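Here is how the chains run, residue by residue.
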Amino acid sequence: MAVIFHQAVVRVRAGERTDRGGNTVPDWSPGAVQRLTIGRLSVQPSIQSERAQAERTEVATGWRVLSAPGTDPDVRSSDRIEFDGLTCEVIGEVARWTHPVTGRTHHVEWQMTRATG
């Protein structure tokens, strides 16, 4: 295994509940979520921005996550990711890269961010 794929995150996936209107909506309550530790990852810083306003300072921090070759972690754009004591949101779609010879998933990449303020 390559040295850079030594990190892990916890994928948090919402359960489902029915709202007052009869619609199925995500349920992020602790008893409803599914948690899965995903290893063999490389988590790399990608962005950090700060915007000062009179009433608060908004800070956004982001990471690019790559899985080791030959892995296909179960992550969706609707998931949350716990990493380094922080809860982040997956930004955009999760990219699954196909191996040109086998046609199977070669590796997976996604972006995640945490915003405060």
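What you are looking at is a predicted structure, and each value in this text was computed from that prediction instead of being measured. (Residues numbered from 1 in each chain as written. Predicted model: local features only at pLDDT ≥ 70, side-chain atom pairs only at ≥ 80, totals over all residues. Heavy atoms only, no water.)

Some remarks on the overall build of the protein
From N to C terminus, the protein includes zero helices and eight strands. In sequence order, the protein lays out its α and β elements as β-β-β-β-β-β-β-β. The principal-axis extents of the C-alpha atoms in the protein amount to approximately 50 × 40 × 25 Å. When each of the 117 residues of the protein is scored for burial, the buried share is 33%. A fraction of 55% describes how many contacts in the protein between residues 6 or more apart in sequence connect residues 24 or more apart. (Helix = DSSP H or I, 4+ residues; strand = E, 2+ residues; numbered from the N terminus. Buried < 20%, exposed > 50% of the residue type's maximum accessible area, 1.4 Å probe, protein only. Contact = heavy atoms within 4.5 Å.)

Points about the nonpolar core
Counting residues in hydrophobic clusters, the biggest one holds 15 residues, and the most contacted among them are V9, V43, V75, I81, W110 and M112. Contact partners of V9, with chain neighbours within four places excluded, come to L36, T37, I38, L41, V43, I81, E82, F83 and W110. (Core = buried A, V, L, I, M, F, W, Y, C linked by side-chain atoms within 4.5 Å.)

Examining the packing of aromatic side chains
Inspection of every chain in the model, using the stated rule, returns one aromatic pair. Between the aromatic rings of W63 and F83, the centroid separation amounts to 5.9 Å while the plane-to-plane angle is 70 degrees, which identifies the pairing as edge-to-face. Remark: F83 occurs in strand β6 (residues 80-83) and W63 occurs in strand β5 (residues 57-67); sequence separation between them is 20 residues. Note on W63: relative accessible area 10%, which makes it buried. F83 sits in the buried class, given a relative accessible area of 14%. (Phe/Tyr/Trp six-rings, centres within 6.5 Å; stacked < 30°, edge-to-face > 60°.)

A few points about unusual backbone geometry
Phi is mostly negative for residues that are not glycine, and the peptide bonds are mostly trans. Even without being glycine, R40 reaches a positive phi, approximately 60 degrees. Along the chain, R40 falls in strand β4 (residues 34-52). Residue R40 is classed as partly exposed on the basis of its relative accessible area, which comes to 40%. Its identity is not glycine, yet D84 carries a phi of approximately 55 degrees, on the positive side. In this fold, D84 is placed in the loop between β6 and β7 (86-98). You can call D84 exposed: its relative accessible area is 67%.

Observations regarding the pairing of β7
Examined bridge by bridge, β6 and β7 share four bridges and lie antiparallel to one another. Note that in β7 the partner of I81 across the bridge is C88. (Pairing = 2+ DSSP bridges.)

Section: the confidence of the model for the protein
Per-residue confidence for the protein averages 92 on the pLDDT scale, and 96% of its residues sit at or above 70. The weakest mean pLDDT in the protein belongs to β5 at 87; the strongest belongs to strand β1 (residues 7-13) at 98. (pLDDT = per-residue confidence, 0-100.)

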